[in-house]
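# Structural overview
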Amino acid sequence: PTGTLFILSKITTKPAEEITIQIIEIIAIYLLMYLIIKPGNKIGSSGLIGIALLAYGAYSLAGFLWFLPILIAVILIAYTDIFISKPIKDADLYRIRSVFYILVIPLCWLLVANINASNKEIFFVPFLITILAHLSIIWQGRSREIKREKEAIKNAMIYHSPAWLRSFFLILFFLPMLLILDQRLSVLLTIICSYLGILVSDSIFWLIEDNVGQNWSFINLLRLRMGIVLLITLIILMVNLCFYNRAVV
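Residues numbered from 1 in each chain as written. Predicted model: local features only at pLDDT ≥ 70, side-chain atom pairs only at ≥ 80, totals over all residues. Heavy atoms only, no water.

### A few points about the overall build of the protein chain
Helix and strand counts for the protein chain come out as 10 helices and zero strands. Ordering the α and β elements of the protein chain from the N terminus gives α-α-α-α-α-α-α-α-α-α. Burial statistics for the protein chain: of 249 residues in total, 47% are counted as buried. At a minimum sequence separation of 6, the contacts of the protein chain that also span at least 24 residues come to 76%. Working note: accessible area of the protein chain is about 12700 Å², and carbon and sulfur atoms make up 69% of it. (Helix = DSSP H or I, 4+ residues; strand = E, 2+ residues; numbered from the N terminus. Buried < 20%, exposed > 50% of the residue type's maximum accessible area, 1.4 Å probe, protein only. Contact = heavy atoms within 4.5 Å. Areas by Shrake-Rupley, 256 points an atom, 1.4 Å probe, with all protein chains shown as cover.)

Structure (structure tokens):
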């Protein structure tokens, strides 16, 4: 609701013609997400609405570059079995509660970037890392699910990739976005920080989960994952800010 209120506060101050365009855009983005997500039947209606709202917010408040990671992540989840398997029953669908703990940190970075519009590129790296770190952790969760259920699956090596390799694959897949960022950001540092952000977030989460997480509830594990990703992206933002400020000076 907070994110929706923020978006509404931005568009309702615009002329009627622009508000009409914004309404058309949000409908178009919702339909796009629906057409991508619905055939896979992995994400429930409430989760779909949450994703569509974040996608619209990213496109409306920050631009196409910020919309693209969400679009690609949704396609990967919907059309591959690496991250989420197709549930047997509707009760197992990803709904708003599960989706919320994935989307809330990217939403925060999006809102901060919008407030600091002149330097918004500096916040794109933590925004992207939050999405990729969650994908990597979910990927490992899927791998463990396959092993636990002794599920025979093609290309099993891809599913059971270690954290360093998962991080590499994800960075490689999203690399073009990092290469076209503001030149005041060091390209090499940005890529290294992004890789380490995914790797460290993934490793810390599963280290805690393996040692003490077995007795935790599903929601507490989601909160743990969210907290770890937030902490790591804050650290990476601080590192990038140091070099960014030097470049500006």
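So that's the structure; there's more coming.
### Quick word on the nonpolar core
Of all hydrophobic cores here, the largest spans 74 residues; its most connected members are Met 33, Ile 51, Trp 66, Ile 70 and Phe 83. Of all elements in the fold, only helix 2 (16-37), helix 3 (45-61), helix 4 (64-79), helix 5 (96-115), helix 6 (124-148), helix 8 (163-179), helix 9 (187-211) and helix 10 (218-248) reach the threshold of two or more residues within this core. Here this core takes 12 residues from helix 6, the largest share from any one element. Discounting residues that sit within four places of it in the chain, Ile 70 has contacts with Ile 51, Leu 54, Ala 55, Ala 58, Phe 127 and Ile 131. (Core = buried A, V, L, I, M, F, W, Y, C linked by side-chain atoms within 4.5 Å.)

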